Structure formats: structure tokens, C-alpha cells
Amino acid sequence: MLNPVNDAFKTQLRAVLPAAAFKDDTAPYLTEPRGRWAGQGLVAAPGSTQEVVTVVKACADARIGIVPYSGGTGLVGGQLMPDGPAPVVLSLERMNRIRDVYPTENVLVCDAGVILADVQKAAADVGRLFPLSLASEGSARIGGLLSTNAGGVNVLRYGNARAQCLGLEVVRPDGTIWQGLTRLRKDNTGYDLRNLIIGAEGTLGIITAAALKLAPRPAGVGAAMMVVRSPQAALELLALAGERIGDGISAFEIINRQGFDFLSEVGPEIKQPFADTPEWCVLIDVGLPAGLAPDDALEELFAAAFAADLVSDGVIAQSHAQRAAFWHIRESIPEANRRIGSISSHDISVPLSAIPAFIEKGAKVLSKVGAFRINCFGHLGDGNLHYNVFPMQGKTRADYESVRPRVKDVVHDLVHQMDGSVSAEHGVGRLKVADLERYADPVKLAMLHSIKDALDPLGIMNPGAVLRQGQ
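Residues numbered from 1 in each chain as written. Predicted model: local features only at pLDDT ≥ 70, side-chain atom pairs only at ≥ 80, totals over all residues. Heavy atoms only, no water.

Draft legend 1. Broad picture of helix α8 (residues 257–266). Listing the buried residues of α8 in full gives Gln258, Gly259, Phe260, Phe262 and Leu263. Considering only its buried residues, α8 is in contact with β11 (220–228), β12 (249–256), β13 (280–288), α10 (320–340), β16 (373–379) and β17 (384–390). (Buried < 20%, exposed > 50% of the residue type's maximum accessible area, 1.4 Å probe, protein only. Helix = DSSP H or I, 4+ residues; strand = E, 2+ residues; numbered from the N terminus. Contact = heavy atoms within 4.5 Å.)

Draft legend 2. Structural detail: the nonpolar core. Ranked by internal contacts, the top residues of the largest apolar core, which has 54 residues, are Phe130, Ile142, Leu146, Leu168 and Leu212. By residue number, the principal contributor to this core is helix α2 (residues 49–62), which donates 7 residues. One finds Ala233, Ala304, Tyr387 and Val407 within the second-largest nonpolar core, a separate group that totals 50 residues. (Core = buried A, V, L, I, M, F, W, Y, C linked by side-chain atoms within 4.5 Å.)

Draft legend 3. Just the packing of aromatic side chains, in detail. With the rule as written, the count across this model stands at 5 aromatic pairs. Geometry around Phe22 places Arg14 over its ring, the cationic atom sitting 4.4 Å from the centre. The ring centre of Tyr102 lies 3.8 Å from the NZ or CZ of Arg183, which sits over that ring. (Phe/Tyr/Trp six-rings, centres within 6.5 Å; stacked < 30°, edge-to-face > 60°. Lys NZ or Arg CZ within 6 Å of the ring centre and 35° of its normal.)

Draft legend 4. Representation of the packing of helix α1 (residues 7–16) against α2. Look at α1 against α2: their axes get within 11 Å of each other, and the N-to-C directions meet at 155°. The orientation of α1 with respect to α2, classified from their angle, is roughly antiparallel. When the axes of α1 and α2 are compared, the crossing they make is right-handed. Across the interface between the two elements, Phe9, Gln12, Leu13 and Val16 from α1 touch Thr54, Val55, Ala58, Cys59 and Ala62 from α2. (Axes fitted to C-alpha atoms, helices over the stretch in contact; angles between N-to-C directions. Parallel < 35°, antiparallel > 145°, perpendicular 65-115°, else oblique. Left-handed = near helix turned anticlockwise from the far one by under 90°.)

Draft legend 5. Local environment of unusual backbone geometry. Of note in the backbone geometry, Arg63 takes a positive phi value of approximately 55° without being a glycine. According to the relative accessible area criterion, Arg63 is partly exposed, its value standing at 31%. Phi at Asn106 is positive, roughly 55°, even though this residue is not glycine. Mapped onto the elements of the fold, Asn106 is located in the loop between β4 (98–102) and β5 (107–111). Judged by relative accessible area, which is 18%, Asn106 ranks as buried.

Draft legend 6. Fine view of the sheet that holds strand β3 (residues 88–91). Across the sheet, which stays open at both edges, the 3 strands sit in the order β1-β3-β2 with parallel pairing between neighbours. Whereas interior strands pair on both sides, the edge strands pair on one side only; in this sheet they are β1 (42–44) and β2 (66–69). Looking at each pair of strands side by side, their axes are set apart by 25° on average, direction ignored. Both β2 and β3 contribute to a ladder of 4 bridges, which runs parallel. From the neighbouring strand, Tyr69 faces β3, where its bridge partner is Ser91. In the packing of α2 onto the sheet, contacts are made with β2 and β3, and the angle to β3 comes to roughly 165°. (Pairing = 2+ DSSP bridges.)

Draft legend 7. View of the sheet that holds β5. The 5 strands lie next to each other as β4-β5-β9-β7-β8, forming an open sheet whose pairing is antiparallel. Edge positions in the sheet fall to β4 and β8 (177–180), since each of these pairs with one other strand and no more. Taking the axes of each pair of neighbouring strands and ignoring which way they run, one obtains an average angle of 15° across the sheet. One ladder, built from 4 bridges, connects strand β7 (residues 165–171) with β8; its direction is antiparallel. Within the sheet, the bridge partner assigned to Leu168 lies in β8 and is Gly180. Across the face of the sheet, α2 comes into contact with β4, β7, β8 and β9 (206–213) while running at roughly 45° to β7.

Nothing here speaks to function; it is all geometry.
As C-alpha cells, this is what we get:
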């Protein structure tokens, strides 16, 4: 059993950490973006790995839970603990130093509290690219991104956060430090501890630093929005793009008419690319080496796709500003969703070839539950859809509270039936603990519990996240 933070423990911690480690205003650390839960606990922000050690050892001695807090942008409740004994909320924001950059190695080493946009800038300053990119990159921090194995728009080309990390420094639940901050690309000396920690959501230890892989900056970049006749046509366009452009495709996003309609409803300041809103379109982003012209590649792709009756219209960005405008549309859709207020949001993945059938079947199974607006969009290139269900116009999500669990279940049941995952890139957190129990292979679940028990026998690391506490 864990104990709650009490006044004696607060006094003890304040005696061994500097005043800067404590926050007068703790409210921002105890809320989450969708406003469904409120957290609790003492917020502490250590400024170094050694200060993290101090906090962890004190919590281990007192059997007090620790909830690691990174940028606070997580959507599954992994960064807060709404009930149970009050924990220490451990913020990494003061650990925000770029430690070293090795341009010839394409490696950057940084503290876990560095904001993603700052890593991207540090890479750009030496003529390199850190390709992890997502809408929250101005506030999301490296530790949290690795702990959730974040995805984003460039997974098709560069992989998830896991694929962009070489080494880690981690404070273990007993306060010892795993010095795994290697810059090696080949190291077959035992179990892959790095990839065990990545995606563990802070339940096995606290990432305090990372060695990140950089990439060459493409000599030329381009983007296009193309109207496709259906999700099946979008999938065929993806295959055609792969044949013609190969690894030059950085991102391939699918957008449904509902997303454009939501932007018109709550974000009329955003200029939309087509006079007549299409039912489906894709946003294709490419980055090519010197000697190859992105605009020519996209024009040739459009011509071939038009001849194959896959696309009916398209716009190719004629400037960096227009390319940025295309991406602004895509990245504004989640904000429009938030303003509308979803009944139930789903971060799912299914095998690529199953996507058209999933979209068709999803609408059918939901129609049996009620009348909804569905905004289906996301990373078609890697099979990850954000399949979000909204109230009909004139209603709010509060009107659907009684059916919300049913909506989630029918969507997730369909995903499972189609050999998919109910958590593609957001993680499990606390929101999807029951889903993991419901859909995971029992042997996998048993292995996860064995790992947790072995590495965190006291159960102090992010209690209740990923795995149900006490089981």
C-alpha cells in the first residue's frame, strides 16, 4: 500500500531541494487537456538528475507514489492521478538543457525537460533535422514524448519517438541511475533496456536525458492537398506515391469533410484550400535530396493518380508559406475538435488494407447506438486514425454522457476484431487501462505485470497508469 504526501514529507523534501523546485501555482499540473479529470499531490520540479534521485529515494523510503509530469499534453491521463493516496507530481520542466550536439554523428543529447520545438531548432542550427513533429511540439517535452513513444506526422518516414532515440539516462524506482546515454547505433549487449523504458509511461523509471538521432535536412520540400474519391482511393494513392517517390514521402495524412466543416464552424479565420469542400482529401508532404524537384514529383504523381481515377482535384503548394498553410489546416483540426467537444475520441490503428472497411463499418455500428457526427482523420501512411465521435449540431457532449461508454466500446471492439490497436500513439495512461485488460493477449498482460513487479516492486512509479494498481 502507498502512503499519501503529508506535511512531514513536504517539510522533508523542502529541506533537501532548492526553493525553485516548488510551485506556488499547482493548478496547471493537476489538469489535463480534455478537462475530464483533476489530479492531486505535491508538485516538485527538480533541476538536475541528482535532484530527481533525491526525490525518488525520499518517495521510495516513504512509499509515496510518483507521477512524472512532462509537458502536460498527454490525452490519456498518464500525467495525473485523480484518486488514491496523494503522490508527488514530478515535473521535468527545469531540466531543459541541450547537453551536446554532434553534427557529424547526427546525434543530439539533451535533458528530458527540453521542449520538442527547442530540439528541432538546435538541430536546425547545425544544419540537421529532428523529425519528430506533432501539433503540441511547442509545449511537449522530450521525456514525455519518449515515455509515450509519441508518433506525429512523420512516422511514415522516420518512425515513432522510439526510432529516433539512441540512448537514455533513467532514474530507477530505487533511486539508482541507469547510465544508458549511449550514442552507439549498434550495441548487442543484453536486453534492450532503452526500448523497455520508451513507451512505459513513467511506470518503470524516470527518463532524465536522451541521446536523439538527427537526420539530414532535405534539400527540397513540398506539399500538396489532393481530393480523393474514397478512403480506398487514398490507400491506392499512397501505394502509387511510394512507387514514384519512395522514401521521399515524409507524411501522408487523410482528412474528412467533417474536419473542414468543424473548422468553418469554430475557426472561420482559417482559409480552406478548395472552393467545394471534398468528402475526402489527403495532405502529402515530401522531402527530396539535391537534384530532385518536389513540385515536379508531386505534379507527376497527381497526373498519374488522375489518370488512374484516384484523384479529382488538387493543389500543390507554390511556396513555403502555402505549404505551412496546408499544415496549419491539418494541425488546427484537433483544436476545432476540442472546441466542438467530442463524446468519445479514439486513437486507433488497423492494418493499412483494412482502413477503408473500418471506416465503413465504424459508421454502421455507431448508427445503431445513435446519431453522431464522426471526424475521421490522421496518419494514413502508418495506419493511425483519429476516429472521433461528436454531438449532432445543437447538442453538446453532456447530452450523450449516458452513451459515451457504449460509443467507445463499439469502436474499440471493431478495432480489435480487425486486428488493430486501441492505442496507436497516445499511450494507455489511466484512460485505457480497462481497454488493455479487455483486449490484450493474456500472456502479454502477465508479462507486463511481471516486468512492473520486477523493476518497481514498491509500485511507486506512476501508480495506476498502464496497469491497474495492486494487480
